[in-house]
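# Breakdown of the fold
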Amino acid sequence: MNKKFMKNLIVSIAAVAFLGINANGKVYADQYGEDIKNKSFRIEKEVRIKDEGDFEDKLVLDSDESDEIIEFRVRIENVGEVETDDMKMEDFLPEEMYRVGGDGLTEYFDDFEPGDVVTFYIDAKIDEDEFDNENFDKCVVNKAELYYDDAFEGADTAIVCYGDVEVTELPETGFATTMIPVGLGLMVVGALIKRSRK
């Protein structure tokens, strides 16, 4: 190998390493399913079987759990520096579900000071007709939206899957943004090696 080739190879490897490290740098809210318009507020929507386990972004139920009560948690935090009034949370249950208790699907609150957290819990069930079919699986999305003085401020969702569902783990957020530049970098290295052999 000549010195010029070695220099190009080292530069290429350094570029790949730099891109890979920086691809993991900043993660934006919409990568996690959140839609945040105003940085003064944060809304988080999670779900679980009522009084069982931790709240998660996604709940998977099999046919044996068709009658379980599903508990949604909507957590809203004032991360700004100003106290606000005229706040509203609106929850949109999918048509396959119905509310059976907890807080309302629309809630209003005032005196929302910096650092304050307001939490709502909504109990729901899946319509029993949904389980009439055999060998099926389905996922539905429950969305909560946040408003300040009638202006949309953000939203988040929780997913409920039911039926004969197979759980598939998704890669962590940031995987694609890391691997794409790394892959491109490796292609550059391969091209340099091929060139040096000519």
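In case you missed it, the structure is sitting above this.
Residues numbered from 1 in each chain as written. Predicted model: local features only at pLDDT ≥ 70, side-chain atom pairs only at ≥ 80, totals over all residues. Heavy atoms only, no water.

## Here's the deal with the overall build of the protein chain
The number of helices and strands found in the protein chain is 2 helices and 10 strands. Order of helices (α) and strands (β) in the protein chain, N terminus to C terminus: α-β-β-β-β-β-β-β-β-β-β-α. Out of the 198 residues in the protein chain, the part that is buried amounts to 35%. Excluding contacts between residues fewer than 6 apart, the proportion of contacts in the protein chain whose partners are at least 24 apart in sequence is 70%. Total accessible area on the protein chain is roughly 12700 Å²; 49% of this is exposed by carbon and sulfur atoms. (Helix = DSSP H or I, 4+ residues; strand = E, 2+ residues; numbered from the N terminus. Buried < 20%, exposed > 50% of the residue type's maximum accessible area, 1.4 Å probe, protein only. Contact = heavy atoms within 4.5 Å. Areas by Shrake-Rupley, 256 points an atom, 1.4 Å probe, with all protein chains shown as cover.)

## A closer look at the pattern of salt bridges
Here the structure, examined in full by the defined rule, presents 12 salt bridges. A salt bridge links R75 to E77, with the nearest nitrogen and oxygen atoms 3.5 Å apart. A relative accessible area of 30% means that R75 is categorised as partly exposed. Judged by relative accessible area, which is 22%, E77 ranks as partly exposed. Residue E90 pairs with K88 through a salt bridge whose shortest N-O separation is 3.6 Å. When its relative accessible area of 17% is taken as the criterion, K88 is described as buried. Via salt bridges that share partners, R48, K50, D51, E71 and D123 belong to a single interconnected network. (Salt bridge = Lys/Arg side-chain N within 4 Å of Asp/Glu carboxyl O.)

## Description of the pairing of strand 9 (residues 137–148)
Two elements, strand 5 (residues 87–92) and strand 9, share 6 bridges in a ladder whose sense is antiparallel. Note on strand 9: the bridge partner recorded for M87 is Y148. Sheet topology places strand 9 next to strand 10 (residues 151–163); 12 bridges connect them, and they run antiparallel. Each residue of the ladder has a partner; that of Y148, found in strand 10, is A151. Remark: 2 residues form the turn of the hairpin made by strand 9 and strand 10, two consecutive strands paired antiparallel; D149 in that turn has positive phi of roughly 55 degrees. (Pairing = 2+ DSSP bridges.)

## As for the state of the cysteines
Applying the stated criterion to the full structure yields 1 disulfide. Disulfide partner of C139: C161, at an S-S distance of 1.9 Å. An S-S torsion of about 105 degrees defines the bridge between C139 and C161 as right-handed. Of the two residues, C139 is situated in strand 9 and C161 in strand 10; the sequence distance between them amounts to 22 residues. Taking relative accessible area as the criterion, C139 reaches 47% and is therefore assigned partly exposed. C161 sits in the buried class, given a relative accessible area of 0%. (Disulfide = S-S within 2.5 Å.)

## Some points on the side chain of E145
Its place among the elements puts E145 in strand 9. Of the residues examined, E145 reaches a relative accessible area of 13% and is grouped as buried. Engagement of the side chain of E145 in a polar contact is seen with the side chain of Y147, the distance being 2.5 Å. For E145, the residues in contact, after removing those within four places along its chain, are I43, K88, M89, E90, F92, F152, G154 and A155. (Polar contact = N/O pair within 3.5 Å; in protein donor to acceptor, adjacent residues only side chain to side chain.)

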